[in-house]
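Residue-level listing of the chains:
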Amino acid sequence: MTTIASPAEFTIQRPQYSRTSAIRWVLSHVLRHNWIIVMVFLGALGNAALAAVVPILVGDAFNAMLLPSPDTGVLVPLALIIGGTQVLRGVLQLGRNFGAELLGQRLEAEIRDELYISLLGKSMTFHSLQPVGDTMARATNDVREINLMFNPGINLVIGSFFFLVMPILAAPRYHPALLITPLLFALAYFASLARYLKTLAPISDEVRASFGSMNTHLSESLDGVETVKGAAQEDSEVERFILNAKRVRDAFVKQGDTEARFIAFLLYGIAIAAGLTHALFLFREGLLNTGQVIAYFGLLRMLDFPTFTSSWAYTQVSMGLAGARRILELINRETDLDQNASGYSGEMKGEVEFKDVTFAYPDGSAVLENISFKVKPGQTVAVVGQTGAGKTSLVKLLNRTYDISSGQVLVDGLDVREWNLASLRSQISMIEQDIFLFSRSISDNLAFGKPGAGQDEVESAARAAQAHDFIETFENGYETVIGERGVTLSGGQRQRLALGRAFLTDPRILILDDSTSAIDSATEDKIQRAISAAARGRTTFIITHRLSQIRWADLIIVLRKGQVAAMGSHDELMRTSDAYARIFRE
Ligand code: DCP
Ligand code: MG
C-alpha cells in the first residue's frame, strides 16, 4: 500500500466529506444521517396530509347539515376523527421538529470538529495571515448559522412545501378546474422564490463577512488593549468599532429590506380571492355544492403556511449557506507545508547544516540571504544581531515553522523536508520570544509537550529550570491556574516555565529565542544556570544579548540585515570582526 502524503501538517482520520461546493459539502454531512432525514420528511408529509383532512371533513359536515333533513348523526364521528387526526398531527410535527433540531445540532458539532482539526493542520504561514477574530467568528457564529439553517430553516421549508402540495392534490376531487389556482400559486411562488434567493445570496455573504471583520477588529483591540490604552487610543478604536458595527447593521437592514420585498403575501392574497371567485362561479353553475366550496376555501387557506414562513425560513437557509461557504473556504484554503508522513522518523543526533539558505516570507522580500554554517551534535550556537536582522526567522526554518525559499536546511545530513514532520518537530524544542502559556495549571503548562508526565517528573524539570522555588511561593503550587495568556507571571518566570517544558520533552535540538531581556541580576543568574543545564547534551541555538552566554557558545553567528556579517568562536571574532567587537564595546 502506498501512503499518500497529506497536505496538512496534522490530520486525524475522519469521514471524507465532499468539499467542492458549499451545498455538496453540507449535503455530504446530512446524508450521513439517513434516518433523521426520513423522519423529517415523513413528519412533514403526514402533518400536511392531516392538516388537509380538516377542511375536507368540515366541508362534509356542512353538506350533512344542509340536507333537507339534516343528518346530525355524522357530526360526532366527524368531530372525533378531526380530533384524532390532529393529535396524530401533533406527534408527526414533533417528529419533524425533533428531527430537524437533531440534524442541526449534530451538523453543528461535526462541522466544528472538522474545522478545528483542519485549523490545527494549517501551516504557520496560514495562521500568520488569517486573523484570529475572523476565524473565531467562523468557528462560532457561522457554524451556528448552519445549525439554524436546519431548524427552523429547512424544517419549515420542507414543512411548508407539503402544505403547498396538499391543495393541488386534494382540490381536483371537487372539480378538476379547481387545480388551476393552487397550481398557479405554486408556480408563481417558486419563480419569485428563485429570484428572491438570488438577490439574497450576496447580501447574506455581506452579513456574514461584515460580522467576521467586526469580530477581527474586536479581538485585535482586546488582544492589544494594553497598547490601545498605553497610546490613549480608546476613542479612535471605539470609532473604528462603531464603523464596523454600522456595516453589520447596514447589511442586516438590507437583508430585511429584501425580505420585505418578497411578494409571497401578495400572491397569497390574489390566490385566495381568485380561488374563491372561481369556486363561487362553479357553485352558480351547479358544479359544486356549499360544502365543497367551504372545503376548497379551507384547502386554499393552507397556503398561508408557506407564505408566512417563506421569507424568513429561506433567509435562514441563505444565511446558513453563506456561513457554510465561509467555513468551507477556510477549510479548503491551501496549507503549503507537506507533513511528509512517509518521511524519515528516526532518532535525531542533532547535527545541523544550513547550505546557502535564502528565505522570504510569503509576498515579501528576502529576510535571510545565502546563510551557510554547520553545527556538530551537542554544540551551542549563539545567534546575535540587531532587531529585525532575521534571528527569529533563521531558527524557525529548523523545525519548518516556515519552509525556505532556496538552499537546504539539513538535520543529521537529511533535508528537513525529508523528515517526517511530526518526528522532526517532536525532537526540536523551541522557546519562543513571546512565550505562550495556556490558561491551565502550571503543571499542565509544564507537561504540555509530554501529557501524562508524573508529578515527580514535572517537579524535577521545574527544579532544573530553576522554576520550582517561585512555583512553591504560589498558594496552590503546581496547581495554580495561570491567567489568560499567562499575565500573572513575569517574563523571567515564564521563561523558566518554558525551559521546564524543554527539560520534560528532552529534545535533541533546543532553540531559545531570548532577545528580550531586561531582568534583574538575581533572576538573570537563575535563568543563566537553567539555560546552561538545558543546553547540556543537546544542540542548542540561543538568540540572546547576554554577553556571558554569547561568550561560551561554540559558534557565534552575527546577522546583519539577513546576511551573515561574521561567524566563528568568541576569540576568533574578537580578533577578526569589527562588528562583533563593537557589540562587546557597547
Ligand atoms: N518578518 C516578516 N513576517 C514575519 C516575521 C518577520 O515579514 N512573520 C520580517 C520582519 C523583519 C524580518 O522579517 O524585517 C526579520 O524578522 P525577525 O523576527 O527574524 O527578526 P529578529 O528576530 O532578528 O528581530 P528581534 O531581535 O526584534 O526579535
Ligand atoms: Mg526575534
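In this text, all values refer to a predicted model and were calculated from it rather than measured experimentally.

Colleague: How do you make sense of the domain arrangement of the protein chain when you look at a structure like this?
Modeller: Accessible area lost upon the coming together of the parts serves often as the stated size of an interface. Once the domains are mapped, the protein chain shows domain 1 (22-332) and domain 2 (352-585). Look at where the C-alpha atoms of domain 1 and domain 2 centre, and you get two points 56 Å apart. Taken residue by residue, the interface counts four residues in domain 1 and four residues in domain 2. Note on domain 1 versus domain 2: buried area summed over both sides is about 370 Å², and carbon and sulfur give 59% of it. It is M124, T125 and D223 in domain 1 that bury the most area against domain 2; as a group they hold 77% of the surface buried on that side. At the surface where domain 1 touches domain 2, the tally comes to zero salt bridges. At the boundary of domain 1 with domain 2, the tally comes to zero residue pairs in polar contact (both at pLDDT 80 or more). The element contributing the most residues to the side of domain 1 that touches domain 2 is helix α4 (residues 124-129), with three residues. Broken down by class, the residue content of the side of domain 1 that touches domain 2 amounts to one nonpolar, two polar and one charged.

Colleague: Could you clarify how one ought to interpret the side chain of S443 in this entry?
Modeller: Checked against the element boundaries, S443 lands in helix α14 (residues 442-446). Take S443: its relative accessible area is 8%, and that puts it in the buried class. In terms of polar contacts, S443 uses its side chain to reach the side chain of Q455, at 3.5 Å. The contacts of S443, once residues within four sequence positions are left out, are Q455, V458, Y478 and E479.

Colleague: In this structure, what is going on with the sheet that holds strand β7 (residues 509-514)? I would like to understand it.
Modeller: Strands pair in a sheet through their backbones, by hydrogen bonds, and they do so in one of two ways: parallel or antiparallel. Reading across from one edge, β6-β7-β8-β3-β9-β10 is the order of the six strands in this open sheet, with mixed pairing throughout. Either end of the sheet is taken by a strand with one partner, and the two such strands are β6 (428-431) and β10 (563-568). Neighbour to neighbour, the strand axes of the sheet diverge by 15° on average, direction disregarded. Note that strand β3 (residues 380-385) and strand β8 (residues 539-544) share four bridges and pair parallel. Residue pairing across strands places V381 opposite F541, the latter belonging to β8. Packed onto the sheet, helix α17 (residues 491-505) meets β6 and β7 and runs at close to 175° relative to β6.

Colleague: Help me understand the coordination of the magnesium ion (ligand 2), please; the structure alone is not making it clear to me.
Modeller: Those protein atoms acting as donors to the magnesium ion (ligand 2) are T392 (OG1) and Q433 (OE1), and they sit at 1.8 to 2.4 Å. One end of the pair, T392, is in helix α12 (residues 391-396); the other, Q433, is in the loop between β6 and α14, and 41 residues separate them in sequence. For T392, a relative accessible area of 23% gives the class partly exposed.

Colleague: Explanation requested: the site of ligand 1 in the structure shown.
Modeller: Every one of the twelve residues lining ligand 1 counts as a neighbour, but T387, K391, T392, S393 and Q433 are closest to it. Note that an oxygen atom of ligand 1 is positioned 2.6 Å from one of the side-chain N or O atoms of Q433. Coverage of ligand 1 by the protein amounts to 62% of the 600 Å² it exposes when considered alone. The element contributing the most residues to the shell around ligand 1 is α12, with three residues. Considered class by class, the residues forming the shell around ligand 1 number three nonpolar, eight polar and one charged.

Colleague: It is not clear to me how the nonpolar core should be interpreted in this structure. Could you clarify?
Modeller: In a soluble, globular protein the nonpolar side chains are often hidden away together inside. Ranked by size, the top nonpolar core spans 67 residues in total, and within it W25, V26, I146, F150, L178, F185 and I327 carry the most contacts. Counting residues per element, the ones that place at least two in this core are α1 (22-30), α2 (34-66), α3 (75-120), α5 (132-170), α6 (180-223), α9 (264-284), α10 (290-301) and α11 (304-332). Looking at which element gives the most residues to this core, the answer is α5, with 14 residues. Dropping the residues within four chain positions of it, F185 is found in contact with L164, A264, L267, Y268, A271, L303 and T307. Core analysis: the next-biggest nonpolar cluster, separate from the first, contains 33 residues, F373, V381, A389 and I509 among them.

Colleague: Before we go on, may I ask you to explain the packing of aromatic side chains in this structure?
Modeller: Both the distance between ring centres and the angle between the ring planes are used here to describe each pair of aromatic rings. If you walk through the whole model with that rule in mind, you get 17 aromatic pairs. Plain terms: the ring middles of Y189 and F190 are 5.5 Å apart, the flat faces sit at 80° to each other, and that makes the pair edge-to-face. By relative accessible area, which is 36% here, F190 ends up partly exposed. Note on F359 and Y361: the rings are 4.9 Å apart at their centroids and 70° apart in plane angle, and the pair reads as edge-to-face. Three or more aromatic residues link up through ring pairs in this structure, and these residues are F41, F161, F162, F185, Y189 and F190.

About the cut-offs
- Residues numbered from 1 in each chain as written.
- Chains lettered and ligands numbered in written order.
- Predicted model: local features only at pLDDT ≥ 70, side-chain atom pairs only at ≥ 80, totals over all residues.
- Heavy atoms only, no water.
- Domains from an automatic or database assignment.
- Contact = heavy atoms within 4.5 Å.
- Buried area = accessible area lost by both parts, 1.4 Å probe.
- Salt bridge = Lys/Arg side-chain N within 4 Å of Asp/Glu carboxyl O.
- Polar contact = N/O pair within 3.5 Å; in protein donor to acceptor, adjacent residues only side chain to side chain.
- Helix = DSSP H or I, 4+ residues; strand = E, 2+ residues; numbered from the N terminus.
- Nonpolar A, V, L, I, M, F, W, Y, C, P; charged D, E, K, R; others polar.
- Buried < 20%, exposed > 50% of the residue type's maximum accessible area, 1.4 Å probe, protein only.
- Pairing = 2+ DSSP bridges.
- Axes fitted to C-alpha atoms, helices over the stretch in contact; angles between N-to-C directions.
- Donors = N, O, S within 2.8 Å, 3.2 Å for Na, K, Ca; no water.
- Near = heavy atom within 4 Å.
- Areas by Shrake-Rupley, 256 points an atom, 1.4 Å probe, with all protein chains shown as cover.
- Core = buried A, V, L, I, M, F, W, Y, C linked by side-chain atoms within 4.5 Å.
- Phe/Tyr/Trp six-rings, centres within 6.5 Å; stacked < 30°, edge-to-face > 60°.

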